[in-house]
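Commentary on secondary and tertiary structure
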Amino acid sequence: MRILSLVSVPLNAITGWLKNKGRRAERCPVSMTAVTRQPDVPYTEFVREVRRVLPGARLRRRLFWRYTLVWSG
């Protein structure tokens, strides 16, 4: 789903600009200070593993590189 990624790039910049009223924040808010890292499992492999472990789970890609997993077992 490269379309969602292509749409997310400019929307992410616009959202950040609007939230900060066009100026850079002096410090990152606490909500943005969590340690992050690049994913080490491709999405396709993640989907395959989810389907194996959680039969019937539904995965959906969202804007801003987020995902939703719904499972009722």
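Reading guide: rules and limits
Residues numbered from 1 in each chain as written. Predicted model: local features only at pLDDT ≥ 70, side-chain atom pairs only at ≥ 80, totals over all residues. Heavy atoms only, no water. 1 Å grid on protein atoms, 1.4 Å probe; cavity = no way out; pocket = protein on both sides within 12 Å on 5 of 7 lines; lining within 4 Å. Points joined across faces, edges and corners; volume = space filled by probe spheres on them. Helix = DSSP H or I, 4+ residues; strand = E, 2+ residues; numbered from the N terminus. Nonpolar A, V, L, I, M, F, W, Y, C, P; charged D, E, K, R; others polar. Pairing = 2+ DSSP bridges. pLDDT = per-residue confidence, 0-100.

Estimated volume of the second largest pocket: approximately 300 Å³. Looking at the second largest pocket, the residues that line it are Q38, P39, V41, P42, Y43, F46, F64, W65, R66 and Y67. If you list the elements that add at least two residues to the lining of the second largest pocket, you get helix 2 (43–53) and strand 2 (66–70). Classifying every residue of the lining of the second largest pocket by side-chain character gives eight nonpolar, one polar and one charged.

Turning our eyes to something else, we now look at the pairing of strand 1 (residues 58–62). Bridge count between strand 1 and strand 2: five bridges; the pairing is antiparallel. When the bridges of strand 2 are listed, R60 appears paired with T68. A loop of three residues connects strand 1 with strand 2, the two strands running antiparallel in sequence, and F64 in this loop sits at a positive phi of about 60°.

Our next topic: the confidence of the model for the protein chain. Model confidence for the protein chain is summarised by a mean pLDDT of 82, while 95% of its residues fall at 70 or above. Taking the mean pLDDT of every element in the protein chain, the minimum, 78, falls on helix 1 (residues 2–19) and the maximum, 92, on helix 2.

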